[in-house]
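Given next are the chains, with one letter for each unit.
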Amino acid sequence: VAFLPATENLLGRWLKDPTYGHGLVLAPLIVWIIAKAVEHVSTSELYWPALWLAVAGTSAMALAQLLGVVALYQLILPVVLCAMLVALYGRGSWRLILPTTAMLYFCLPVWDAINPILQQWTSIAVSQMTYLAGTPAFIEGNMVTVSTGIFEIAAGCSGLRFFIISAAVSALYGYWYLARTRDALMLLAIAML
């Protein structure tokens with residue numbers, strides 16, 4: 001209840017922003033994966049360091065909400081969830097809980113920060129494609145001038161949505177089907193590239 005405004009903000013992004021609409025499907029799936037992961041953990045004694053991390057993270061989330069810094073609230077959310085679960089299920093549970101809670105980042109609108117980078121890469125790709133196609137073009141920043149006019153490579157054309165979804169699908173695949181963490185991380189890196 002205390003975090004209702006920030007939660008409403010997150011749901012609003014999922015419902016209204018097509019870049020993050022996958023959160024409506026992915027978040028419940030990840031919660032289900034987390035529930036399945038903790039089924040395999042034998043409950044042990046309360047792990048106090050993780051509990052203190054959860055308390056500190058919750059305090060930081062509350063401060064972020066009071067200050068109106070929604071991105072900070074969203075960045076801390078998976079950390080707090082992970083810390084709470086590790087506190088409840090014991091020190092040895094982190095190997096199962098950390099990868100699953102980390103996948104929640106694919107649902108959160110914290111990826112907007114890389115949008116300008118992806119937009120720049122798209123501009124570079126357009127530059128190379130116009131050169132290969134033999135089309136004379138002058139490209140300055142995100143503006144492309146060709147003989148028929150000028151167009152902008154807008155932020156919506158950066159590929160952010162496909163970047164996030166590709167990374168999420170590869171992370172899920174790696175979690176379910178790849179035995180070695182290194183292989184799963186390599187698949188994730190390739191998907192992001």
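Refer to the structure above for everything that follows.
The present account deals with the structure reproduced in this document. In this text the structure is predicted, and so the values were computed from the model without any measurement. (Residues numbered from 1 in each chain as written. Predicted model: local features only at pLDDT ≥ 70, side-chain atom pairs only at ≥ 80, totals over all residues. Heavy atoms only, no water.)

Now for the packing of aromatic side chains. Applying the stated rule across the entire model yields 4 aromatic pairs. Aromatic side chains Trp-48 and Trp-52 sit 6.3 Å apart centroid to centroid with 35 degrees between the ring planes, which places their arrangement in the tilted category. With Trp-48 and Trp-52 both in helix α3 (residues 48–67) and 4 residues apart, the pair spans about one turn of that helix. Under the relative-accessibility criterion, Trp-48 is labelled partly exposed at 47%. A ring pair is formed by Phe-106 and Trp-111, whose centres lie 5.9 Å apart and whose planes are at 5 degrees; its orientation type is stacked. Trp-111 shares its class with Phe-106; the two are buried. (Phe/Tyr/Trp six-rings, centres within 6.5 Å; stacked < 30°, edge-to-face > 60°. Helix = DSSP H or I, 4+ residues; strand = E, 2+ residues; numbered from the N terminus. Buried < 20%, exposed > 50% of the residue type's maximum accessible area, 1.4 Å probe, protein only.)

Counting residues in each nonpolar core, the largest one holds 30 residues, and the members touching the most others are Leu-26, Ile-30, Phe-106, Trp-111 and Ile-164. The set of elements that each furnish at least two residues to this core consists of α1 (4–16), α2 (23–39), α4 (70–89) and α7 (160–177). In this view, Ile-30 contacts Thr-100, Met-103, Leu-104 and Cys-107; residues no more than four positions away in its chain are not counted. Among the nonpolar cores identified, the runner-up in size contains 6 residues, and Ala-6, Ala-64, Tyr-73 and Val-80 belong to it. (Core = buried A, V, L, I, M, F, W, Y, C linked by side-chain atoms within 4.5 Å. Contact = heavy atoms within 4.5 Å.)

Another point: the pattern of salt bridges. One pass over the full model with this rule turns up 4 salt bridges. The salt bridge partner of Asp-112 is Arg-13, with a shortest N-O separation of 3.0 Å. In this pair, Asp-112 is assigned in the loop between α5 (94–102) and α6 (115–133) and Arg-13 in helix α1, connecting sequence segments 99 residues apart. Residue classification places Arg-13 among the partly exposed positions, given a relative accessible area of 24%. Within this structure, Arg-13, Asp-17 and Asp-112 form a network of salt bridges that share partners. (Salt bridge = Lys/Arg side-chain N within 4 Å of Asp/Glu carboxyl O.)

With that settled, consider the environment of Asn-115. Looking at where Asn-115 falls in the secondary structure, it is placed in helix α6. The exposure class assigned to Asn-115 is buried, which follows from its relative accessible area of 12%. Remark: the alpha-carbon pair of Asn-115 and Leu-160, spanning 45 residues in sequence, is separated by 6.1 Å. A distance of 3.4 Å separates the side chain of Asn-115 from the backbone oxygen of Ala-155, its partner in a polar contact. (Polar contact = N/O pair within 3.5 Å; in protein donor to acceptor, adjacent residues only side chain to side chain.)

By themselves, these are just geometric observations and shouldn't be taken as functional.
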